[in-house]
Amino acid sequence: KENCGKHFAVIDAGMNDLLRPALYQAWQAIWPVQQNAAHLERDYDVVGPVCETADCFGRDRTLSIAPGDLVAIRSAGAYGFSMSSNYNSRPRVAEVMVDDVNVHIIGRRESYEDLYKLEEILS
């Protein structure tokens, strides 16, 4: 997305998934998962879809990315998942542990069914 000459990379993660940048202005390394020399290198503000001013993971990050590319937000911190929430009716992400080249899902992603299972409909 471009607005007034500024480029925004809108990713599917939101401030509800990783709150540290919104709360503490924590600096997170943001890298493309796969490098692609064909993509134009630009400075981006990397933002989420929650539509809050604080839904920003990094400002003025130089990246070579295009729509559909995957980016990795590094160093979520020890409390990344415990600080996450269902804000804006968004299910929490899976909790993943990376050990060198091994990837382990240690907490599954919530479904919308999980999100609403404790609610009751008034009659």
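In the block above lies the structure referred to throughout.
Structure report, in brief. (Residues numbered from 1 in each chain as written. Predicted model: local features only at pLDDT ≥ 70, side-chain atom pairs only at ≥ 80, totals over all residues. Heavy atoms only, no water.)

**Focus: the pattern of salt bridges**
Reasoning step 1: Scanning the entire structure with this criterion turns up 6 salt bridges.
Reasoning step 2: Across the salt bridge formed by Asp-45 and Arg-59, the nearest N and O atoms sit 3.5 Å from each other. Of this pair, Asp-45 sits in strand β4 (residues 41-47) while Arg-59 sits in strand β5 (residues 56-64), and the two are 14 residues apart along the sequence.
Reasoning step 3: Here Asp-114 makes a salt bridge to Arg-108, at a shortest N to O gap of 2.6 Å.
Reasoning step 4: Assessed through its relative accessible area of 16%, Asp-114 is described here as buried. (Salt bridge = Lys/Arg side-chain N within 4 Å of Asp/Glu carboxyl O. Helix = DSSP H or I, 4+ residues; strand = E, 2+ residues; numbered from the N terminus. Buried < 20%, exposed > 50% of the residue type's maximum accessible area, 1.4 Å probe, protein only.)

**Topic: the side chain of His-7**
Reasoning step 1: Checked against the element boundaries, His-7 lands in strand β2 (residues 6-10).
Reasoning step 2: Here His-7 is in contact with Lys-1, Glu-2, Arg-42, Asp-43, Tyr-44 and Asp-45, once residues within four sequence places are set aside. (Contact = heavy atoms within 4.5 Å.)

**Re unusual backbone geometry**
Reasoning step 1: Phi at Gln-25 takes a positive value of approximately 55°, unusual for a residue other than glycine.
Reasoning step 2: If you trace the backbone, Gln-25 turns up in the loop between α1 (20-24) and β3 (30-32).
Reasoning step 3: Backbone geometry at Asp-60 places phi at a positive 50°, although glycine is not the residue there.
Reasoning step 4: Looking at the element boundaries, Asp-60 is found in strand β5.

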